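# Residue-level structural notes
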Amino acid sequence: MPAASTTLRMLAVSVIASLTVTGCQTFEDAGVAMGRSELVNDLAARLDRALELTYSAEYQLPGGQRAAIVQAQDPTRSTYTYPGGQLTVTPEAITRCTTAGARPECTLNVPPTPGSKPTVTLFSEANRQGLVTPPVVVGLLTSAALDPQAVIKQSDTTVAGHHAACVAVESSSGDFTACVTTEGVLGSFTGPVDGKPMELALSGYSATVDEGAFDPPAGAGVVDRRPSGS
């Protein structure tokens, strides 16, 4: 299981366990009452299921910039492309690349130990550059579910031709809106992450991947920091 998959599964479990302790609070939307835990668990479960899929998702960012998430199975691999960089996680390495210069530069690091529990800090650079990753969204949903003062409204929409369930959250820590497609892919997000305004929307989805997506960018300089023999 890739680092992203392990991280998100741990966060989803945290959501479910915490809500079991605190109980449910209901809210009204279009005359339909839904338990706070039911809503969060459903969206977390959708994101979790998507980690077992092979797919490519393209995202539109502000200013015409773009980002992408690609993942495949057998073996599990994932890559996150965002303005100025790329993060790839495979059984062989964690590869971080900067692509803002004239020549892409990549560093290969030791991959996560199978069964380990990597933290969301693995995705910190992607988040800073505008690609809000699923683990971050799950973390925000967790905080909203545990905040008794948070106002949560549910709605449905269509993103890039795919049906999506959405939540609009108003809380003291920051307001945000997140949508998750029926397939479990992050459909859109608007709101602050670590104090920085973020916005992205799914612009394309495919159940297939380009195998080259997991390679360093063409012509990149590569530094291997893995111990010899790894």
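Residues numbered from 1 in each chain as written. Predicted model: local features only at pLDDT ≥ 70, side-chain atom pairs only at ≥ 80, totals over all residues. Heavy atoms only, no water.

### Let's talk about the state of the cysteines
Filter applied, for reference: Whenever a pair of cysteine sulfur atoms sits within 2.5 Å, that pair is classed as a disulfide. For every residue, the accessible area (1.4 Å probe, protein chains only) is compared with the maximum for its type, and the residue is labelled buried under 20%, exposed over 50%, or partly exposed between those bounds.
The final tally for this structure, using the stated rule, is two disulfides. A disulfide bridge connects Cys97 with Cys106, and the sulfur atoms are separated by 2.1 Å. Judged by the sign of its S-S torsion, about 110°, the cystine formed by Cys97 and Cys106 is right-handed. Take Cys106: its relative accessible area is 1%, and that puts it in the buried class. A sulfur-sulfur distance of 2.0 Å marks the disulfide that ties Cys166 to Cys179.

### Examining the environment of Ala100
Rules: In this description a helix means any DSSP run of H or I spanning at least four residues, a strand means any run of E spanning at least two, and both kinds are numbered starting from the N terminus.
Position of Ala100 among the secondary structure elements: in the loop between strand 7 (94-98) and strand 8 (105-109). Judged by relative accessible area, which is 69%, Ala100 ranks as exposed. Separated by 16 residues in sequence, Ala100 and Gly84 place their C-alpha atoms 4.5 Å apart.

### Things to note about the sheet that holds strand 8
Quick note on the threshold: At least two DSSP bridges between two strands are required for those strands to pair. Throughout, an axis means a line fitted to C-alpha atoms (over the contacting stretch in the case of helices), and angles, computed between N-to-C directions, take values from 0 to 180 degrees. The contact rule is simple, with two residues in contact once any of their heavy atoms fall within 4.5 Å.
Taken together, twelve strands build an open sheet; the order of strands is 9-10-11-12-13-3-4-5-6-7-8-14 and the sheet is mixed. What marks the edges here is a single partner per strand, and that holds for strand 9 (151-159) and strand 14 (221-224). Here the average twist between neighbouring strands, direction ignored, is 15°. Across the face of the sheet, helix 4 (residues 134-146) comes into contact with strand 4 (66-72), strand 9, strand 10 (162-170), strand 11 (176-181) and strand 12 (186-193) while running at roughly 65° to strand 12.

### Points about unusual backbone geometry
Note that the residue after Asp74, namely Pro75, is joined by a cis bond; omega there is 5°. Following the sequence through the fold, Pro75 ends up in the loop between strand 4 and strand 5 (77-82). The phi torsion at Asp74 lies on the positive side, around 55°, for a residue other than glycine. Secondary-structure assignment places Asp74 in the loop between strand 4 and strand 5.

### Concerning the confidence of the model for the protein chain
Note the threshold: Confidence of the predictor in every single residue is expressed as pLDDT, which spans 0 to 100.
Mean pLDDT over the protein chain stands at 80; residues scoring 70 or higher make up 80%. Overall, residues 1-34 carries pLDDT values under 50, and its contacts beyond four positions in sequence, including any with other chains, amount to 67 contacts.

### Notes on the pairing of strand 11
With respect to burial, strand 11 is a largely interior element, five of its six residues being buried. Where strand 10 lies against strand 11, six bridges are found, and the strand directions are antiparallel. Across the sheet, Ala168 pairs through a bridge with Thr177, a residue of strand 11. Here strand 10 folds back onto strand 11, and the loop between the two strands holds five residues, one of which, Gly174, carries a positive phi near 135°. Sheet analysis places strand 11 next to strand 12, joined by four bridges and oriented antiparallel. Note on strand 12: the bridge partner recorded for Ala178 is Phe189.

### Let's talk about the side chain of Thr181
Going by this rule: For this analysis, a polar contact is any N or O atom pair within 3.5 Å, provided that within protein one partner can donate a hydrogen and the other can accept it, and provided that sequence-adjacent residues contribute only side-chain to side-chain pairs.
Assignment of secondary structure puts Thr181 in strand 11. At a separation of 3.0 Å, a polar atom in the side chain of Thr181 contacts the side chain of Glu183. With residues near it in sequence (within four places) discarded, Thr181 still touches Arg46, His162, His163, Ala164, Gly187 and Leu202.

### Some thoughts on the pairing of strand 6 (residues 85-89)
Where burial is concerned, most of strand 6 is hidden: five out of the five residues are buried. Neither face of strand 6 is open: one carries Gly85, Leu87 and Val89, the other Gln86 and Thr88, and all of them are buried. In terms of strand pairing, strand 5 meets strand 6 through five bridges, oriented antiparallel. Each residue of the ladder has a partner; that of Thr79, found in strand 6, is Thr88. Bridge count for strand 6 against strand 7 is five bridges, and the pairing is antiparallel. The residue bridging Leu87 from the neighbouring strand is Arg96, located in strand 7.

### Topic: the packing of aromatic side chains
Note the cut-off: Think of it this way: a Phe, Tyr or Trp ring, Trp meaning its six-membered ring, pairs with another when their centres are within 6.5 Å, and the plane angle makes it stacked under 30 degrees, edge-to-face over 60, tilted otherwise. Geometrically, a lysine NZ or arginine CZ counts as sitting over a ring once it is within 6 Å of the ring centre and also within 35 degrees of the ring normal.
For the coordinates displayed, the defined rule picks out two aromatic pairs. Summarising the aromatic geometry, the rings of Phe176 and Phe189 are spaced 5.8 Å apart at their centres and angled 25° between planes, so their arrangement reads as stacked. With Phe176 in strand 11 and Phe189 in strand 12, the pair connects residues that are 13 residues apart, well separated along the chain. The pair Phe176 / Phe189 is uniform in exposure class, with both members buried. The ring of Phe214 carries the charged tip of Arg77 above its face, separated from the ring centre by 4.9 Å.

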